[in-house]
Amino acid sequence: TLLYFSPNRRVPKLGFYVFLSLLILIAGFRDMIGGYDVYIYAQVYELGYEFITSYSPFEKGFSWYYIVLNIFNDSREFMFFITALFMFLLHFYTIKKYSPILYFSAFVFFCKFFLMSFVYLRQGLAMGLVWLSIPLLLNKKYVKFLVIVVIAFYFHRSAILFLPLLFIAQKKVNPYQLFLITTGTFIVSLSPLGPLILNYLIGGFGDDRIMHYTTTYSAANLFYLMEAGLLSYFALKFQKDFYQEKRTTLIFNGFVLYILIIIISLTNATFIRLSWVYFIFVVLALPYLYHFIKDAKLKRTFKILVFVYYSLVFFRLLLVFDGGDFLPYKSIFQDFNRNGIWEWMEYR
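Below: a short report on this structure.

What counts and what doesn't
Residues numbered from 1 in each chain as written. Predicted model: local features only at pLDDT ≥ 70, side-chain atom pairs only at ≥ 80, totals over all residues. Heavy atoms only, no water. Helix = DSSP H or I, 4+ residues; strand = E, 2+ residues; numbered from the N terminus. Buried < 20%, exposed > 50% of the residue type's maximum accessible area, 1.4 Å probe, protein only. Contact = heavy atoms within 4.5 Å. Areas by Shrake-Rupley, 256 points an atom, 1.4 Å probe, with all protein chains shown as cover. Axes fitted to C-alpha atoms, helices over the stretch in contact; angles between N-to-C directions. Parallel < 35°, antiparallel > 145°, perpendicular 65-115°, else oblique. Nonpolar A, V, L, I, M, F, W, Y, C, P; charged D, E, K, R; others polar. Core = buried A, V, L, I, M, F, W, Y, C linked by side-chain atoms within 4.5 Å. Phe/Tyr/Trp six-rings, centres within 6.5 Å; stacked < 30°, edge-to-face > 60°. Lys NZ or Arg CZ within 6 Å of the ring centre and 35° of its normal. Salt bridge = Lys/Arg side-chain N within 4 Å of Asp/Glu carboxyl O. Patch = residues over 30% accessible without salt bridge, like charges linked within 9 Å, V, L, I, M, F, W, Y side chains within 5 Å. Expected span 1.5 Å × (residues − 1). Left-handed = near helix turned anticlockwise from the far one by under 90°.

### Side note on the overall build of the chain
Within the chain, the secondary structure is distributed over 18 helices and 0 strands. Taken over 348 residues, the chain has a buried fraction of 54%. Counted over contacts in the chain with a minimum sequence separation of 6, partners at least 24 positions apart contribute 77%. Looking at the chain as shown, the accessible area adds up to about 16000 Å², and 68% of this sits on carbon and sulfur atoms.

### Structural notes on the packing of helix H11 (residues 175-190) against helix H14 (residues 222-237)
In contact at an axis separation of 10 Å, H11 and H14 are set at 170° when each is read in the N-to-C sense. It follows that H11 is roughly antiparallel to H14 by the angle criterion. Together, Pro175, Leu178, Phe179, Thr182 and Phe186 of H11 and Leu225, Ala228, Gly229, Ser232, Ala235 and Leu236 of H14 make up the contact between the two elements. Its residues assigned to classes, the contact of H11 with H14 shows 8 nonpolar, 3 polar and no charged.

### Points about the nonpolar core
Nonpolar side chains in soluble globular proteins tend to be buried together. Core analysis: the largest hydrophobic core is formed by 122 residues, its most contacted members being Tyr66, Phe88, Phe92 and Phe162. Excluding anything up to four places from it in sequence, phenylalanine 92 contacts Phe16, Phe19, Leu20, Leu23, Ala106 and Phe109.

### Notes on the packing of aromatic side chains
Geometry of an aromatic ring pair is reported as the spacing of the ring centres plus the angle between the planes. Counted under the stated rule, the structure contains 56 aromatic pairs. Residues phenylalanine 58 and tyrosine 66 carry aromatic rings whose centres are separated by 5.6 Å and whose planes lie at 90° to one another, so their mutual orientation is edge-to-face. Residue classification places phenylalanine 58 among the buried residues on the basis of a relative accessible area of 7%. A cation over an aromatic ring shows up here: lysine 303 above the ring of tyrosine 4, its NZ or CZ 5.2 Å from the ring centre.

### Concerning the pattern of salt bridges
Taken as a whole and judged by the stated rule, the model has 7 salt bridges. Glutamate 346 serves as the salt-bridge partner of arginine 76, at 3.0 Å between the closest nitrogen and oxygen. Within this pair, whereas arginine 76 is found in helix H5 (residues 76-98), its partner glutamate 346 is found in the segment after helix H18 (296-320), the two being separated by 270 residues in sequence. With relative accessibility at 5%, the residue arginine 76 sits in the buried group. Given a relative accessible area of 27%, glutamate 346 falls into the partly exposed group. The partner of arginine 338 in a salt bridge is aspartate 325, with the nearest N and O atoms 3.9 Å apart. Taken together, the residues span a long stretch of sequence, with arginine 338 in the segment after H18 and aspartate 325 in the segment after H18 at a distance of 13 residues. A residue is classified by how much of its surface remains accessible, and arginine 338, at 7% relative accessible area, is buried.

### Remarks on the environment of methionine 226
The residue methionine 226 is located in helix H14 in this model. In this structure the C-alpha to C-alpha distance between methionine 226 and tyrosine 309, which are 83 residues apart in sequence, comes to 9.6 Å.

### Remarks on a nonpolar patch on the surface
A surface patch of nonpolar side chains, amounting to about 520 Å² of accessible area, comprises Leu14, Val18, Leu22, Leu25, Ile26 and Tyr329. Overall, leucine 25 belongs to the partly exposed group, its relative accessible area being 38%.

### Overview of helix H4 (residues 60-72)
If you check H4, its first and last C-alpha atoms are 19 Å apart, about what 13 residues at 1.5 Å a residue would give, namely 18 Å. Within H4 the residues assigned to the buried category are Gly61, Phe62, Ser63, Tyr65, Tyr66, Ile67, Leu69 and Asn70. Looking at the packing, one finds that the buried side of H4 touches helix H2 (36-46), helix H3 (49-54), H5 and helix H7 (121-131).

### Considering the side chain of serine 275
Along the chain, serine 275 falls in the loop between helix H16 (246-264) and helix H17 (279-292). Accessibility expressed as a relative area gives 2% for serine 275, which makes it buried. Contact partners of serine 275, with chain neighbours within four places excluded, come to Tyr258, Ile261 and Ile262.

### Section: the packing of helix H1 (residues 14-28) against helix H6 (residues 102-113)
The relative placement of two packed helices is expressed as an angle between their axes plus a distance between the axes. Two numbers describe how H1 lies on H6: the axes approach to 11 Å, and their chain directions differ by 15°. By the angle between their axes, H1 is roughly parallel relative to H6. Crossing hand, H1 versus H6: left-handed. Residues Gly15, Phe16, Phe19 and Leu23 of H1 pack against Leu102, Tyr103, Ala106 and Phe110 of H6. Class assignment for the residues of the contact of H1 with H6 results in 7 nonpolar, 1 polar and no charged.

This is the structure in structure tokens:
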């Protein structure tokens with residue numbers, strides 16, 4: 001909050017690096033916090049080379065990442081710390097490189113993804129890797145772009161969803177076309193066609209767990225419905241402003257793809273996790289929206305609106321995820337019983 005409401009900066013100052021360091025330390029030194037997946041990640045890592053190579057749910061790239069880390073240290077605490085270090089350095093490299101208002105982007109990223117970084121180890125690393133391909137798209141180095149996407153894919157299959165950006169990176173549509181696309185996607189998503197399309201799209205992943213996600217339908221998620229509606233409105237209103245430069249055109253098109261993935265999976269909160277690959281464009285687009293607003297009162301209102309919404313998202317994740325499994329925070333240096341929902345899986 002202090003950074004968010006401090007003077008806008010494009011160049012990082014000491015506060016930015018303190019903030020980044022705290023994220024790495026808090027995520028890296030945490031004990032078994034984050035849900036069922038965390039125990040699986042820890043147990044597979046500590047079982048060593050032979051088990052890691054035979055554990056089929058992990059992509060090959062992530063398995064080799066585990067094997068290399070295992071050479072240096074085979075404890076889960078080491079793995080979690082190094083993973084947090086790599087993940088946040090990768091993410092904030094892209095944020096620092098492309099955000100017009102650094103602290104604005106850092107706040108949005110923190111509220112929406114920081115707690116999920118405790119859980120989504122493979123996906124978090126894949127996100128950081130695939131975002132390295134953004135400058136390759138801007139400079140039309142398409143072969144190198146594909147290489148980066150493939151590498152990220154071998155950390156988490158969701159990285160393959162970044163490929164459509166290759167074909168629309170600099171495409172421009174008019175407001176009428178954008179309205180039809182977003183509205184049509186809303187209608188289809190909330191109709192019986194939505195689950196059918198998700199089942200078809202996800203079939204190519206060949207992953208039983210992901211296939212299971214497509215069967216977990218519910219009523220439309222209120223937070224995602226609100227987010228998709230507001231972001232669609234801002235996309236329509238400021239489309240022309242984004243289309244002024246090559247960089248902002250790419251950011252806008254990635255922003256729209258994020259919105260469309262959110263909309264098409266409104267009734268499947270688990271499937272929505274695949275939208276994370278495009279989350280960087282939300283982190284970058286929102287400060288650009290603030291920059292494009294000319295009226296001073298509207299600027300303040302927009303900044304407060306973003307603050308309130310993403311603060312609610314953060315505390316909802318903190319209090320609700322796995323029955324409040326993120327609370328209380330426990331580091332590897334502490335010794336007390338958290339009574340977490342998954343603590344019965346503790347094997348030490």
